[in-house]
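Results of the structural survey
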Amino acid sequence: VNKELWTAVEQYVADIVAPSDTVLDAATEAGVRAGLPTIAVTPTEGKLLYMLARLVGAKRILEVGTLAGYSAIWMARALPPGGKLITLEYEAKHAEVARVNLSRAGLAEVVDVRVGAAHNTLPLLEREKAGPFDLVFIDADKKRNADYFEWAIKLSRPGAVIVVDNVIRDGEVIDANSKDPSILGVRRLNDLLRTEKRVTATTIQTVGSKGYDGFTIAIVLSS
Ligand SMILES: C[S@@+](CC[C@H](N)C(=O)[O-])C[C@H]1O[C@@H](n2cnc3c(N)ncnc32)[C@H](O)[C@@H]1O
């Protein structure tokens, strides 16, 4: 089994359960045109985020790591009227591309793109009582995963879902001697998950167009 097959199967299943549309395609194309990295979630993972939002009846969603707004569009589409998604992005240029993409998607009023390093903007959310959130998607600089996860718990209601992307990283996550900051970040999150009583979680490995990776899903029991 190889990446070519994983990609073909991903396209096959995505066509069935997570077909693209002009808005999602335009968002991806605008990102590419602006020179943004092509590291958005896959369509099937976007659909999973959409489904999780529906399952928890999300009215407030928080995302850490916007890029061009592709995953934000998937999640915001699951919100009921009056629902809100706040997404945090470090790069002003990424935020600008995302705002245009979200406007084109008719979601300018629903999604609030905030520019700044998440470790600075997350405390502001607490101060302005922006939460509690029903769904949090963590997909930014992986070295700070554990900090973002702590913030996600703090800003969530009991029963909320937290998703953390890219936690397998070609299997490198099991390398206890890794010096890679992203691996260290994921392992620090895993150390936290071993003992953290306020959540219960599982981690799923995935293969597809983005290679061999995976995500963690946690339910907040108390915050
Ligand atoms: C993997 S991309 C996000 C992809 C997006 N969630 C999607 O699937 O469409 C990660 C994003 O996090 C941003 N980022 C990196 N460090 C950050 C930080 N400290 N605070 C907020 N965003 C950050 C990057 O600029 C990048 O746009």
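Computed from a prediction, not measured in an experiment: that's the story for all the values here.

1. Description of the sheet that holds strand β3 (residues 111-115)
Strands belonging to one sheet form pairs held by backbone hydrogen bonds; the direction of such a pair is parallel or antiparallel. Strand order in the open sheet formed by seven strands is β3-β2-β1-β4-β5-β7-β6, and the pairing between neighbours is mixed. Looking at the sheet topology across the chains shown, the edges are occupied by β3 and β6 (199-208). Each strand axis lies, on average, 15° off the axis of its neighbour in the sheet, ignoring direction. For strand β2 (residues 84-89) and β3, the ladder comprises five bridges, and the chain directions are parallel. Each residue of the ladder has a partner; that of Leu88, found in β3, is Arg114. Its contacts with the sheet place helix α6 (residues 118-127) against β1 (60-64), β2, β3 and β4 (133-138), and it is angled at close to 150° to β2.

2. Observations regarding the side chain of Glu89
Here Glu89 lies in strand β2. No salt bridge is formed by the buried Glu89; its nearest oppositely charged neighbour, Arg99, is found at 10 Å. Within the local environment of Glu89, its side chain forms a polar contact with the backbone nitrogen of Glu91, the two atoms lying 2.9 Å apart. A polar side-chain atom of Glu89 sits 3.4 Å from a polar atom in the side chain of His94.

3. Section: the environment of Ile183
Considering the arrangement of structural elements, one finds Ile183 in helix α8 (residues 181-195). In this structure, the C-alpha to C-alpha distance between Ile183 and Asn166, residues 17 residues apart in sequence, is 9.8 Å.

4. Let's talk about the pattern of salt bridges
A complete count under the given rule lists 12 salt bridges for this structure. Asp21 is the salt-bridge partner of Arg77, the closest N and O atoms lying 2.8 Å from each other. Within this pair, whereas Arg77 is found in the loop between α4 (70-76) and β2, its partner Asp21 is found in the loop between α1 (3-17) and α2 (22-33), the two being separated by 56 residues in sequence. The class of Arg77 is partly exposed, set by a relative accessible area of 32%. With a shortest N-O distance of 2.6 Å, Arg157 and Asp134 are connected by a salt bridge. With a gap of 23 residues between them, Arg157 in strand β5 (residues 156-165) and Asp134 in strand β4 connect regions that are remote in the sequence. The exposure class of Asp134 is buried, given its relative accessible area of 8%. One network of salt bridges, in which partners are shared, links Asp112, Arg114 and Glu128.

5. With respect to the side chain of Asp165
Position of Asp165 among the secondary structure elements: in strand β5. With no salt bridge to any partner, buried Asp165 finds its closest opposite charge in Lys210, at an N-O distance of 4.3 Å. Here Asp165 is in contact with Val41, Glu45, Phe137, Ile138, Asp139, Lys142, Lys210, Gly214 and Phe215, once residues within four sequence places are set aside.

Thresholds, definitions, all that
Residues numbered from 1 in each chain as written. Predicted model: local features only at pLDDT ≥ 70, side-chain atom pairs only at ≥ 80, totals over all residues. Heavy atoms only, no water. Pairing = 2+ DSSP bridges. Helix = DSSP H or I, 4+ residues; strand = E, 2+ residues; numbered from the N terminus. Axes fitted to C-alpha atoms, helices over the stretch in contact; angles between N-to-C directions. Contact = heavy atoms within 4.5 Å. Buried < 20%, exposed > 50% of the residue type's maximum accessible area, 1.4 Å probe, protein only. Lys, Arg positive; Asp, Glu negative; His and termini not counted. Salt bridge = Lys/Arg side-chain N within 4 Å of Asp/Glu carboxyl O. Polar contact = N/O pair within 3.5 Å; in protein donor to acceptor, adjacent residues only side chain to side chain.

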